[in-house]
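Spelled out from the first residue to the last, the chains are:
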Amino acid sequence: MINNYLKIALRNLARHKQMTLINVLGLAVGMAACILILLFVQYELSYDRHHENADRTYRISREWRNADGETNLHLGHLAPPFEPRLAEDFAGIIEKSTRLANNGMLITYEEGDKQMIEDGLFFAEPEALDIFSFSFVAGAPETALSLPNAVVLTESTARKYFGDEDPLGKALRLEQEIDLKVTGVIEDVPGNSHFHPTMLVSFVLVEGFYGQDYMNTNWASNNFSTYVLLAEGYNPTDLEAQFPAFLDKHLPGDPDVPASQTNFLHLWPITDIHLYSNLDSEIEANGDIAYVYIYTVIALFILVIACINFINLTTARATRRAKEVGVRKVMGAEKASLVGQFLSESVLVSLFGLTLAILLVTLALPYFTDFVDKQLSFDILGNPFLLALLAAIVLVVGIVSGSYPAFYLSAFQPARILRSSRGSQRGNVLLRSGLVVLQFVISIALVIGVITVERQLDYVKSKPLGFNQENLLVLPISRSIYDQYEELKAQFLAQPGIVDVALASRVPSGRLLDSQGGQVEVNDGMKDIDFRLANIDVGHDYINSLDINLVAGRNFDINRVSDSTEAFIINEVAAHTIGYNSPEEAVGKKISYGGRQGYIIGVAEDFHFESLHQPIAPIIFHIPFSADRVRRVVVRVQASAMDETISYLKEQWSYLRPGFPFDYYTIGDRFQGQYDAEDRLGQIVQFFSLLAIFIAALGLVGLASYTAEQRTKEIGIRKVLGASVSQLLLLLTKGFSKLILVAFLIACPLAYFVMNHWLDTFAYQDTLSIWSFILAGVAALLVAGITVGSQTISTATRNPVDSLRDE
């Protein structure tokens, strides 16, 4: 019986070649788009699930809240004393715990004459090898990090330094000071991990560098990623409930204000970090679950539009097959066999579409993988999820699309069907109209989304930041450079291409993390600073070098000795948050901050230090507390002399930091890079919106062709009676135009709601323009008009004699 179904299905598909081609092509494009996006979604959801104990491994974060319960700061790192205290106090609950510290450092292989800055260098405690499932290809995981100078390399890092040589026992030099011994080699960490170490170095070196007193008592230096492995079956919420008492027990502070009122610890499942954790400090930039939802919805929308084409064209042909159904019933066919026949045809078309879709995905995957910068794989047999997905797509699309003719027509009485098939046409028309409206609701909404995303990105990239970001180079410095900074500054400024030079602990385009308690004078009394106040150590020329305006007071003056120890500059937001009525009121007020007593000497105009996702935060500037805090020098260069100046600085750095590669970045590029996720979203929505419109237009081609064919005699009569081609064209297209208008009216409020919600992720946003909606509607109307018009014009220009000739 199944063999018979397939034979008849193939004959019917071959008889209606145009409809079959449109169905298969539309389904193939829709399925391919859906598969590509869902491959990306599956990859995003797979982060850190390769670890054997992922289900009970957690990272601990630290949050600070003010008296109103609002978050001042939330870090994905902890201070060094937390981990040993947690392991001691919760022994039996915490099975293993470890600290990681990530630092980009110089690694030298002297025998091979190789030097590189390793951004993926992590100092790790031995327990890290028990918590995380690193696959060893050489060495013993039980002892790999037990030596004080041990280093474990990834395979690609080992090849980078040693080529095909056996790396075990080889010596590497850290920062040209410490000899490391290679004790193990692990497989490269998969791309779907929230951190990607290239080498793991014994944590003993960190303890030796900072000293045991610092590691045991410094609760303020939150630079350590801390992970715990909970005992099997233990509920993490039970552990979190005990954190307040733990904080009150260990954290030093005011006895009248328990630490647990301002400090909070949270457990993050490592499988949630990539998509749900976007804290004020992360090891690497994470993804966002919101974008996973958006991409998933787009994939489903594309598939729905393709399915609608299939359903529309199938139902359009359904009335033609009514007599076939009637004859079959008279010959004794049962309803079940008729249902099976129609469904088999639909599933067969769906299978053809999937076959072509697999080819399209295979061709497009390398480009899509490069675009999303993910290690996507289209291994059907080796990916059970993908295999199940493809099978589900074929069956769902085939069954849904074939259900209407299968169950509706097979239920008719033979006499009724053979008498006339027109009784079912009204229901068909209403169904097809509704589906066309749904197609264009989705297409118009996607176009509105594209326009809105592009406008917002243009807005954030072109919005004045409050300082001059042009041609600002940022270079890392060492203690030796800091010690001779004034001489170097004079030397640099003597170069024709260099305009300004300044020191800084942080520069715009980074995140504002630091926050310390203190007091400030307000209304002749001292008030506690109980809000997040980001402190930035700067050189005397920082404000001028970045062209930051002062709205009150004065700038730092290198000729005033007291400015190096007693002077502070705050921004307008800080002045307002403290409680001053105007910037001028803040100038001259006493302030105690970071262990210093001094005065506010100036108020800087607000400027965007972080991306426009974040509101402008309160900031305080001061001359460096210590040389260790200043890690950067900012150099403003004339645009016309950029290449020459970079070459000059590279040469100077070879003398200033011998053996260290020259490394720099521009503040402008860093700001632009903060919107990479939005750029990618805009391009994805744009591309798949075009696909959606293409698939919808493809469906209109088939429907318009079918409609024109059904009205051939009517058109011939109208031409005999004097109707012009333009009148006939308007007659045939106005029905579709009405459907597009209805779709536009439905799509507008839906798109407004969704895009308004997306814009809320930015602290500073462009407004939703009515022109975005109008442009989307006009575009849909033009696409529909051109598509339908091109198909109907041939019918409208036919000779009436041919149109009226009897079949």
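For clarity, every value in this text was computed on a predicted model and none was experimentally measured. (Residues numbered from 1 in each chain as written. Predicted model: local features only at pLDDT ≥ 70, side-chain atom pairs only at ≥ 80, totals over all residues. Heavy atoms only, no water.)

A.B. asks: Would you take a moment to explain the overall build of the chain for this structure?
C.D. replies: A tally of helices and strands in the chain yields 29 helices and 25 strands. Scored against the burial criterion, the 807 residues of the chain give a buried share of 52%. Here the analysis covers contacts within the chain between residues at least 6 apart in sequence; of these, 80% occur between residues at least 24 apart. Total accessible area computed for the chain in this model is approximately 36,300 Å², and 56% of it derives from carbon and sulfur atoms. (Helix = DSSP H or I, 4+ residues; strand = E, 2+ residues; numbered from the N terminus. Buried < 20%, exposed > 50% of the residue type's maximum accessible area, 1.4 Å probe, protein only. Contact = heavy atoms within 4.5 Å. Areas by Shrake-Rupley, 256 points an atom, 1.4 Å probe, with all protein chains shown as cover.)

A.B. asks: Which parts of the structure should I look at to understand the pattern of salt bridges?
C.D. replies: Oppositely charged side chains can pair when the atoms bearing their charge come close. For the structure on display, the rule yields 18 salt bridges. Where Asp 89 meets Lys 249, a salt bridge forms, and the shortest distance between an N and an O atom there is 3.4 Å. Of this pair, Asp 89 sits in helix 3 (residues 82-89) while Lys 249 sits in helix 9 (residues 243-250), placing them 160 residues apart in sequence. In this structure Asp 89 comes out as partly exposed when scored by relative accessible area, which is 27%. For Lys 249, a relative accessible area of 58% puts it in the exposed group. (Salt bridge = Lys/Arg side-chain N within 4 Å of Asp/Glu carboxyl O.)

A.B. asks: When you look at the pairing of strand 9 (residues 171-174) in this model, what are you seeing that I'm missing?
C.D. replies: Looking down a regular strand, the side chains alternate between one sheet face and the other. Here strand 9 shows a buried face lined by Leu 172 and Leu 174 and an unburied face lined by Ala 171 and Arg 173. In terms of strand pairing, strand 4 (residues 105-109) meets strand 9 through two bridges, oriented antiparallel. Looking at the pairing, Thr 108 lines up with Arg 173 of strand 9. (Pairing = 2+ DSSP bridges.)

A.B. asks: Would you explain a nonpolar patch on the surface in this entry?
C.D. replies: Side chains of Ile 770, Trp 771, Ile 774, Val 778, Leu 782 and Ile 786 sit close together on the surface and give an oily, nonpolar patch of about 650 Å² of accessible area. The topology assignment puts Ile 770 in helix 28 (residues 770-796). (Patch = residues over 30% accessible without salt bridge, like charges linked within 9 Å, V, L, I, M, F, W, Y side chains within 5 Å.)

A.B. asks: How should I be thinking about the packing of aromatic side chains in this particular structure?
C.D. replies: By convention here, two paired aromatic rings are described through the distance between centres and the angle between planes. Applying the stated criterion to the full structure yields 29 aromatic pairs. Both rings, one in Phe 607 and one in Phe 621, keep their centres 6.3 Å apart while their planes meet at 20 degrees; by these two values the pair is stacked. Here the residue Phe 607 occupies a position in the loop between strand 22 (596-604) and strand 23 (619-622), and Phe 621 occupies one in strand 23, the gap between them amounting to 14 residues. Through pairs of rings, three or more aromatic residues link up here, namely Phe 467, Tyr 542, Phe 607, Phe 609, Phe 621 and Phe 671. Lying over the aromatic face of Tyr 764, Lys 463 brings its terminal NZ or CZ to 5.3 Å of the ring centre. Geometry around Tyr 665 places Arg 670 over its ring, the cationic atom sitting 3.6 Å from the centre. (Phe/Tyr/Trp six-rings, centres within 6.5 Å; stacked < 30°, edge-to-face > 60°. Lys NZ or Arg CZ within 6 Å of the ring centre and 35° of its normal.)

A.B. asks: Explain a negative patch on the surface here, please?
C.D. replies: On the surface, a cluster of negative charge is made up of Asp 68, Glu 70, Asp 528 and Asp 530. By relative accessible area, Asp 68 is classed as exposed at 65%. (Lys, Arg positive; Asp, Glu negative; His and termini not counted. Charge placed at Lys NZ, Arg CZ, Asp CG, Glu CD.)

A.B. asks: Before we go on, may I ask you to explain helix 9 in this structure?
C.D. replies: For the α-helix, the turn length of 3.6 residues means that residues three or four positions removed from each other point alike. Those residues of helix 9 that sit buried are Phe 243, Phe 246, Leu 247 and His 250. The arc enclosing the buried residues of helix 9, seen along the axis, measures out at 100 degrees, which places them on a common side. In helix 9, the exposed residues that point more than 90 degrees away from the buried face are Ala 245 and Lys 249. At its buried positions, helix 9 is contacted by helix 3, helix 8 (236-240) and strand 13 (263-269). (Arc of directions from axis to C-beta.)

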